[in-house]
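Structure assessment
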Amino acid sequence: MAAGIDDIAIYIPRLFVDARDFAKARGMDPDKLQRGLGVSKMAIVDTNQDPACMAANACLRLMERNKISPKDVGRLYVATESSLDESKAMNSYVIGMLEQIYGDGSFEHCGGIECKFACVSGSYALYDNSNWIRAGEAEGKYAIVVVSDIAKYDLGSSGEYTQGAGAVAMLLNDNPRIMTFDPKITSTSIKNEYDFYRPFGKETPIVHGQYSNLLYMIQIKKALMTYKEKALSSGLIKLNEGETILDYIDFVNMHLPYSNMGKKALAYLLRHEWRNLPRWKKIIDKMGMQEPIPKDPRGTIESVLADEEFMQKDHQFTKIFTMTEEFQEIYDSKLASSLIASRMVGNLYTASLYMGFRSCLEFEFQKGTDLEEKRFGFGSYGSGSSAMVFSGRIMPTYKEMVRDMNLESEIGNRIKISLEEYEEIHENKRGPTENILDSKKEFVLVEIENKPEMRGQRTYVFRE
Ligand code: HMG
């Protein structure tokens, strides 16, 4: 039985911080954000928004648009790393909100849990729910996987310019209108790491930025190697002499903590895949520079990062490589459209990869590209750390789903906030009712209980 994505809905908070204002306030060159990292706006939650209400808002849009009732939904999973409780799962909050619309008890038989593994957990949730469908357990029902997060770092830290917030809800079934996942090919890599983590009680993560960048690429490369073995042994992809697996992936979607990470990762994977192919010699000759090798080629990530001479040469090599027409051609045709949304909203953690997929569908459709039967490859990464590589094929029915996708109108009228307002929200100086926006047709948070016997209970309402 097949399984895949039937529809996608998004919810992005309308408040944003502009990268130029941010750079000015932090005494940085705005070009570092806009050109260096590819960040131009960061979506910020209002005081009455949290990851649960963003998830519920994305779900409601998905259900209303597809005229789905709760009895059609067999599973509702929420993947997040912005958990609200150590025990109570976020899908229960979401169901509570949705039942305000669909009636008390309407989701009574909808199973589900909250999943956690930094940014990669949404991909594990998609995989597990696809397998539930493939196993025939769904019996004609849908699964909904919602990825929802607030990417928040310490004020003044280097992570602060890679913030963002939002949710993506995906409808899964056995006859998907957008994309069918390639079967028996999903591949993972995992290692106990501390590149980015958030200890209990701490609102912001502890991050080793450059370490996390390198680990992300290494882990995805490892998962890609297993994907390649599976693709070849299962006969899904057949390689001719001088070809690489990436030649058979028409569009590449990467986890996007910031949009230029997609470019960095593509360059890293292409270097790895092309290194032993005849085309590489031509590229090296044109570049006029040999690929640098670290002093200790079998060393640890720490030893590679500490090898300053290698790091500096490798950086220079990547820069020159990304300027070659061979790289540019792949970048423009396979990756660029997926990066547009990230520039507009920032890091959405679990939701970033899927926002990138949405972005690619919308902007390729606008360009007039025919996506039917095209293979999309996904590189999902979660700190801590695990990667997942998988792929899917676009269905002939995709056009009817993608035609009306419009990021700007779906986000709605965006409001730029000042750095002072941003910092007040960031430092939790305003309560839930001191919101900036007037919300309509969405769930908002109105109260968090403080009484000891009810501490932490959240009340949400739907604003008509
Ligand atoms: P940084 O160290 O301050 O930045 O922070 P940098 O010095 O690496 O510079 C960034 C880029 O800007 C570089 O481009 C510079 O050259 C360029 P590159 O060489 O890499 O192509 N640049 C300029 N460009 C134009 N004009 C200028 C200029 N100056 C510099 N004047 C870092 C960057 C990402 C490390 C930081 O923001 C950070 O720590 N962010 C949080 C961690 C993160 O996002 N890591 C990404 C990989 S791990 C991951 O994705 C998982 C995650 O999503 C969490 C999860 O899984 O849950 C984070």
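Look up a bit, the structure's there.
Residues numbered from 1 in each chain as written. Predicted model: local features only at pLDDT ≥ 70, side-chain atom pairs only at ≥ 80, totals over all residues. Heavy atoms only, no water.

1. As for the overall build of the protein
A count of helices and strands for the protein gives 15 helices and 17 strands. In terms of overall dimensions, the protein has a C-alpha envelope of 65 × 55 × 40 Å along the principal axes. Going through the 464 residues of the protein one by one, you find that 55% of them count as buried. Nonlocal contacts in the protein, meaning residues at least 24 apart in sequence, comprise 76% of its contacts between residues at least 6 apart. Just so you have it, the protein exposes about 20300 Å², and 49% of that area is on carbon and sulfur atoms. (Helix = DSSP H or I, 4+ residues; strand = E, 2+ residues; numbered from the N terminus. Buried < 20%, exposed > 50% of the residue type's maximum accessible area, 1.4 Å probe, protein only. Contact = heavy atoms within 4.5 Å. Areas by Shrake-Rupley, 256 points an atom, 1.4 Å probe, with all protein chains shown as cover.)

2. Quick notes on the sheet that holds strand β3 (residues 41-44)
In space, the 3 strands of this open sheet follow the order β3-β2-β15, with mixed pairing throughout. Among the strands making up the open sheet, the edge pair consists of β3 and β15 (415-416). Two strands pair when backbone bridges link them, and strand β2 (residues 15-18) and β3 are joined in this way by 4 bridges, in the antiparallel orientation. Each residue of the ladder has a partner; that of Val17, found in β3, is Met42. (Pairing = 2+ DSSP bridges.)

3. Some remarks on the pattern of salt bridges
Counted under the stated rule, the structure contains 32 salt bridges. We note a salt bridge from Asp285 to Lys281, for which the minimum N-O separation is 3.0 Å. Taken together, the positions of Asp285 and Lys281, both in helix α8 (residues 278-287) and 4 residues apart, correspond to about one turn of that helix. Look at Lys281 and you get exposed, because its relative accessible area is 56%. For Glu424, the salt bridge goes to Arg430, with nearest N and O atoms at 2.8 Å. For Glu424, a relative accessible area of 31% gives the class partly exposed. (Salt bridge = Lys/Arg side-chain N within 4 Å of Asp/Glu carboxyl O.)

4. Quick word on helix α11 (residues 325-345)
If you check α11, its first and last C-alpha atoms are 29 Å apart, about what 21 residues at 1.5 Å a residue would give, namely 30 Å. Most pronounced at Leu335, the bend in α11 amounts to some 60 degrees. At the C-terminal side of α11, Gly346 shows a positive phi close to 95 degrees. (Expected span 1.5 Å × (residues − 1). Bend = angle between axes of the 7 residues up to and from the residue.)

5. Some points on the site of the ligand
Taken together, the neighbourhood of the ligand is formed by 30 residues, with Glu81, Cys119, Tyr161, Lys264 and His315 sitting nearest. Between the ligand and the protein, one listed contact pairs an oxygen atom with a side-chain N or O atom of Glu81 at 2.4 Å. Separating a nitrogen atom of the ligand from a side-chain N or O atom of Ser212 is a distance of 2.9 Å. Elements supplying a minimum of two residues to the shell around the ligand: α2 (30-37), α6 (209-233), α10 (308-322) and β13 (375-382). Examining the composition of the shell around the ligand, we find that 5 residues originate from one element, α6, more than from any other. By residue class, the composition of the shell around the ligand is 11 nonpolar, 13 polar and 6 charged. (Near = heavy atom within 4 Å. Polar contact = N/O pair within 3.5 Å; in protein donor to acceptor, adjacent residues only side chain to side chain. Nonpolar A, V, L, I, M, F, W, Y, C, P; charged D, E, K, R; others polar.)

6. Considering the nonpolar core
Ranked by size, the top nonpolar core spans 63 residues in total, and within it Phe22, Tyr227, Met254 and Phe321 carry the most contacts. The greatest single-element share of this core, amounting to 11 residues, is contributed by α6. Other than its neighbours up to four places away in sequence, Met254 contacts Tyr216, Ile220, Gly262, Ala265, Leu269, Leu335, Leu353 and Gly379. In this structure, Ala3, Ala79, Val120 and Phe181 belong to the second largest nonpolar core, which totals 49 residues. (Core = buried A, V, L, I, M, F, W, Y, C linked by side-chain atoms within 4.5 Å.)

7. Digging into the packing of α8 against α10
Where α8 meets α10, the closest approach of the two axes is 10 Å, and the angle between their N-to-C directions is 105 degrees. The angle between α8 and α10 falls in the class roughly perpendicular. Residues Trp280, Ile283, Ile284 and Met287 of α8 touch α10, and the partners they reach there are Phe317, Ile320 and Phe321. Looking at side-chain class alone, the contact of α8 with α10 contains 7 nonpolar, no polar and no charged residues. (Axes fitted to C-alpha atoms, helices over the stretch in contact; angles between N-to-C directions. Parallel < 35°, antiparallel > 145°, perpendicular 65-115°, else oblique.)

8. Brief notes about the environment of Pro13
Within the fold, Pro13 resides in the loop between β1 (4-11) and β2. The exposure class assigned to Pro13 is buried, which follows from its relative accessible area of 0%. On a C-alpha basis, the gap between Pro13 and Leu171 in space is 21 Å, while along the polypeptide they are 158 residues apart. In this view, Pro13 contacts Ala43, Ile44, Val45, Gln49, Met54, Ala165, Gly166 and Ile411; residues no more than four positions away in its chain are not counted.

9. Section: helix α12 (residues 352-367)
The terminal C-alpha atoms of α12 lie 22 Å apart, and with 16 residues this matches the ideal 22 Å at 1.5 Å per residue to within 8%. Among the 16 residues of α12, 13 are classified as buried, and the element is accordingly described as predominantly covered. Phi turns positive, to about 90 degrees, at Gly368, one or two residues after α12.

Taken by themselves, the reported measurements are silent on function.
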